[in-house]
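Each chain, letter by letter, is given below.
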Amino acid sequence: RPLAPPARMTTPATDRPPPRPQLPDLALPPLGAGDAAAPVPVRAPRRSAVLVLLDAPTADDGAWLRALVPALSDLEGWDARLLVVVPAAAARAALDADGAIGLPVLADPERRLARAAGVAPPAVVVADQWGEVHHAAALAADAPRPSADELARWARYLAIRCAG
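Now for a look at the structure at hand. (Residues numbered from 1 in each chain as written. Predicted model: local features only at pLDDT ≥ 70, side-chain atom pairs only at ≥ 80, totals over all residues. Heavy atoms only, no water.)

Below, the discussion takes up the nonpolar core. Core analysis: the biggest nonpolar cluster contains 26 residues, and Leu 65, Leu 82, Val 84, Val 86 and Leu 95 have the highest contact counts within it. Looking at this core, the elements that each hand over two or more residues are β3 (48–53), α1 (59–68), α2 (72–77), β4 (80–86), α3 (89–95), β5 (105–107), β6 (123–127) and α5 (148–161). Ranked by residue count, the leading element in this core is β4, at four residues. The residues contacting Leu 65, other than those within four sequence positions of it, are Val 52, Leu 54, Val 84, Leu 95, Ile 101 and Leu 103. Leu 28, Ala 114, Val 119 and Ala 127 belong to the second-largest nonpolar core, a separate cluster that totals 18 residues. (Core = buried A, V, L, I, M, F, W, Y, C linked by side-chain atoms within 4.5 Å. Buried < 20%, exposed > 50% of the residue type's maximum accessible area, 1.4 Å probe, protein only. Helix = DSSP H or I, 4+ residues; strand = E, 2+ residues; numbered from the N terminus. Contact = heavy atoms within 4.5 Å.)

On to the side chain of Asp 128, then. Summarising the element assignment, Asp 128 is placed in the loop between β6 and β7 (133–138). For Asp 128, which is buried and forms no salt bridge, the nearest opposite charge comes from Arg 161, at a distance of 5.1 Å. Among the polar contacts made by the side chain of Asp 128, one reaches the main-chain amide nitrogen of Trp 130 at a distance of 3.0 Å. Contact partners of Asp 128, with chain neighbours within four places excluded, come to Arg 47, Ser 48, His 134, Leu 158 and Cys 162. (Lys, Arg positive; Asp, Glu negative; His and termini not counted. Salt bridge = Lys/Arg side-chain N within 4 Å of Asp/Glu carboxyl O. Polar contact = N/O pair within 3.5 Å; in protein donor to acceptor, adjacent residues only side chain to side chain.)

With mixed pairing, the five strands of this open sheet are ordered in space as β5-β4-β3-β6-β7. Single-partner strands in this sheet number two, and they are β5 and β7. Mean inter-strand twist for the sheet, computed between neighbouring axes without regard to direction, equals 20°. Pairing of β4 with β5, which is carried by three bridges, proceeds in the parallel orientation. Residue pairing for β5: Val 84 is matched across the bridge by Val 105. Each of β3, β4, β6 and β7 is contacted by α5, which is oriented at about 160° to β7, the strand it contacts most. (Pairing = 2+ DSSP bridges. Axes fitted to C-alpha atoms, helices over the stretch in contact; angles between N-to-C directions.)

Structure below.
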């Protein structure tokens, strides 16, 4: 006697993982690039985003970000980009206190990205090319910051997972 198919072929809604947070499709103005600079889209076709969200950056944050600059080629090799997001121009000045950080810094005074990702700055958010958040973690003041290698691993993961 043949086996009958199950009565219900779909998974109940309660068995599905909750949907991932989604970054809004918006463009933020770059800080320090002059008034004529075009806003930078947070989501870009075929590129994931590693976002560093800072509220009141310190010189230590600037040093950490400068240490990430050599890893940019690794991130770009995996079709990812690193963007620093702060609430205001004064925060940019704090980051550059000990020298330019060499990264794009965008202004988000309404903190829309942090709200959409479900984290409070300071935080790191990793999202795929469609804005789906795969990792969002607050940065505790006394905890070590993510290394360039850790951020590159996230970029590699998303490049492989979202290929095609």
